[in-house]
Amino acid sequence: MSVLKVTDLHAAVDGHEILRGVDLEIASGEVHALMGPNGSGKSTLAHVLMGRDDYDVTAGSVTIDGEELLGLPTWQRAERGLFLAMQYPVEVPGVRLVDFLEAAIRGRGGEPNGLTVRLAAEAERLHVDEQFLTRGVNVEFSGGEQKRAETLQLAVLEPTFAILDEIDSGLDVDALRDVARRIEAMTTEDRLGVLAITHYARLLSELRADRVHILMGGRVVASGGPELADTLERTGYEGLAEDLGVDELAVEVPAEQEPEFADPTEFALPFEEPPRTT
Ligand code: ADP
Ligand code: MG
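What comes next concerns the included structure. Residue positions within a chain follow its written sequence, with the count starting from 1. Chains and ligands are labelled sequentially in the order written, the chains with letters from A and the ligands with numbers from 1. Side-chain atom pairs in this predicted model are given and counted only at pLDDT of 80 or more, local residue features only at pLDDT of at least 70, and totals for whole chains, interfaces and linings cover all residues. As a convention, hydrogens and water are excluded, and side-chain values are obtained from all of the structure's heavy atoms.

### Let's talk about the sheet that holds strand S11 (residues 211–216)
A sheet is described by the order of its strands in space; here six strands give the open sequence S6-S9-S10-S3-S11-S12, paired in mixed fashion. Sheet topology places strand S6 (82–85) and strand S12 (219–224) at the edges, where each strand pairs with a single neighbour. Each strand of the sheet is rotated relative to its neighbour by a mean of 20°, with strand direction disregarded. Paired strands, as defined in this entry, are two strands with at least two bridges between them according to DSSP. Helix and strand definitions follow DSSP, with helices as H or I runs of at least four residues and strands as E runs of at least two, each counted in order from the N terminus. Both S11 and S12 contribute to a ladder of five bridges, which runs antiparallel. Across the sheet, residue His213 finds its bridge partner in S12, namely Ser223. Convention adopted: a line fitted to C-alpha atoms gives each axis, helices being fitted over their contacting stretch, and angles between N-to-C directions are expressed from 0 to 180 degrees.

Set out below in structure tokens:
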């Protein structure tokens with residue numbers, strides 16, 4: 001069994017703190033949901049865990065089985081078993097999904113033996129048309145196709161822990177069912193540990209979430225069982241924040257520069273005012 005442990009994680013962008021002390025502990029086979037209002041720092045957490053370099057980690061630690069991941073480049077975190085399905089997957093024109101996956105497997109010191117056969121099987125299971133395997137990764141994929149393709153990568157790469165950033169957003173019911181069922185099977189058959197960022201209780205019931213955490217203002221303000229998602233459905237984020245005595249829902253990051261709006265009084269009218277007739 002493995003454990004992904006996040007302790008007192010703080011992260012900032014340009015000196016503005018977004019994550020303000022996040023603690024989480026996920027064991028193999030467990031599904032943890034992370035919910036929270038827009039701008040509360042969910043995607044930031046996902047990116048910081050995976051090692052995206054536009055964030056400065058100012059305190060805390062992230063370990064898998066006691067080994068520190070902070071400071072490692074993204075590929076080494078992947079090598080140690082971490083996978084991120086991004087909220088907005090990146091298009092990689094000119095690189096076929098099959099080659100991308102082969103490189104990823106080799107990059108982790110594996111041998112892509114039988115990859116074509118496995119891909120075909122996964123494509124069938126996830127209802128991904130095989131032509132997507134030989135097109136540029138995510139290039140002109142619809143929202144549903146992207147998320148199915150991300151799930152296919154997850155299934156083929158077999159990480160120990162997967163962070164899913166709104167993998168259910170923009171999916172129709174059929175796609176949601178295919179994606180959720182495949183992931184749920186990984187959690188039971190392969191003991192995949194999951195951190196699922198979502199707004200919807202539907203994904204949580206499909207994935208049989210064990211724990212639900214609520215992020216507000218860059219902190220986990222509540223944790224509980226799946227019933228917490230039902231409470232949230234009733235109260236909304238505003239209501240829950242009020243009950244918990246939390247004032248900050250989203251993290252305020254001031255824009256680099258105030259947008260410049262022209263002073264309307266400085267505009268000259270392009271015509272003369274009509275003479276007054278009173
Ligand atoms: P969520 O995923 O919960 O909606 P995000 O983590 O995307 O929230 O964003 C949290 C806050 O941090 C927002 O105010 C967002 O604008 C800001 N933020 C996130 N990433 C960056 C970045 N790379 N540069 C500047 N601001 C950022
Ligand atoms: Mg987000």
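Here the narrative resumes.
### Focus on the site of ligand 1
Distances are taken per atom, and a residue is near a molecule or strand as soon as one of its heavy atoms is within 4 Å of it. The environment of ligand 1 is made up of 14 residues, and the closest members are Gly39, Lys42, Ser43, Thr44 and Tyr55. In protein, a polar contact means a hydrogen-donor-capable atom and an acceptor-capable atom, both N or O and within 3.5 Å, with residues adjacent in sequence counting only if both atoms are side-chain atoms; elsewhere, any N or O pair within 3.5 Å suffices. A distance of 2.6 Å separates an oxygen atom of ligand 1 from a polar atom in the side chain of Thr44. Alone, ligand 1 offers 560 Å² of accessible surface; in the complex the protein occludes 68% of this. Considering each element in turn, the shell around ligand 1 owes the most residues, three residues, to helix H1 (residues 42–50). Accessible areas in this description were obtained via Shrake-Rupley with a 1.4 Å probe; residue shielding takes into account the shown protein chains only.

### Here's the deal with the coordination of the magnesium ion (ligand 2)
Listed donor atoms are N, O and S within 2.8 Å of the metal (Na, K and Ca: 3.2 Å). As water is not included, a site may look incomplete. The coordination sphere of the magnesium ion (ligand 2) contains the protein donors Ser43 (OG) and Gln87 (OE1), at a distance range of 2.1 to 2.3 Å. Of this pair, Ser43 sits in helix H1 while Gln87 sits in the loop between S6 and strand S7 (92–96), and the two are 44 residues apart along the sequence. Think of it in three bands: with a 1.4 Å probe and only protein chains considered, a residue is buried below 20% of the maximum accessible area for its type, exposed above 50%, and partly exposed in between. Among the residues examined, Ser43 registers a relative accessible area of 22% and is labelled partly exposed.

### Let's talk about the packing of aromatic side chains
Two rings belonging to Phe, Tyr or Trp (six-membered ring only in the last case) form a pair when the distance between their centres is within 6.5 Å. Interplanar angles under 30 degrees mark stacking, angles over 60 mark edge-to-face geometry, and anything in between is tilted. What the rule picks out here adds up to one aromatic pair. Seen from their ring centres, Phe132 and Phe141 are 4.9 Å apart, and the 80° between their planes marks the pair as edge-to-face.

### Describing the pairing of strand S2 (residues 16–27)
Looking at chain direction, strand S1 (residues 3–13) and S2 are connected through nine bridges and run antiparallel. Its bridge partner lying in S2, Val13 is registered against His16.

### Concerning helix H3 (residues 97–107)
Along H3, the residues classified as buried are Leu97, Val98, Leu101 and Ile105. Viewed along the axis of H3, the buried residues span an arc of 100°, placing them on a single side of the element. The first or second residue beyond H3 is Gly109, which carries a positive phi of 80°. Comment: arc refers to directions from the helix axis out to C-beta atoms.

### Things to note about the environment of His16
Tracing the chain through its elements places His16 in strand S2. C-alpha separation for the pair His16 and Val251, spaced 235 residues apart in sequence, amounts to 9.4 Å. Setting aside its immediate chain neighbours within four residues, His16 contacts Ala11, Val253 and Pro254. Contact definition: two residues touch when any of their heavy atoms are within 4.5 Å.

### Details of the packing of helix H4 (residues 115–125) against helix H5 (residues 143–157)
Geometry of a packed helix pair, given as the angle between the helix axes and the separation of the axes. Axis separation between H4 and H5 bottoms out at 10 Å; the angle between their running directions is 135°. The angle between the axes of H4 and H5 places the two elements in the oblique class. At the point where H4 passes H5, the crossing takes the right-handed sense. Touching Leu115, Arg118, Leu119, Glu122 and Ala123 of H4 are Leu152, Ala155 and Val156, all from H5. When the residues that make up the contact of H4 with H5 are grouped by side-chain class, the tally is six nonpolar, no polar and two charged. Working definition: roughly parallel below 35 degrees, roughly antiparallel above 145 degrees, roughly perpendicular at 65 to 115 degrees, and oblique for all remaining angles. Note on convention: near helix rotated counterclockwise from far helix by under a right angle means a left-handed crossing. Clockwise means right-handed. Classes in brief: Ala, Val, Leu, Ile, Met, Phe, Trp, Tyr, Cys and Pro nonpolar; Asp, Glu, Lys and Arg charged; the others, Gly included, polar.

### A few points about the pattern of salt bridges
Here, a salt bridge means any Lys or Arg side-chain nitrogen found within 4 Å of an Asp or Glu carboxyl oxygen. Across all of its chains, the model carries 13 salt bridges by this definition. A salt bridge links Glu248 to Arg20; its shortest N-O distance comes to 2.6 Å. Placement of Glu248 in the segment after helix H8 (227–244) and of Arg20 in strand S2 is noted, with a sequence separation of 228 residues between them. Take Glu248: its relative accessible area is 29%, and that puts it in the partly exposed class. For Arg20, a relative accessible area of 17% corresponds to the buried category. Notably, a salt bridge pairs Glu206 with Arg202, separated by 2.9 Å at the nearest N-O pair. Highlighted residues: Glu206 and Arg202, both in helix H7 (residues 201–207), separated by four residues, approximately one helical turn.

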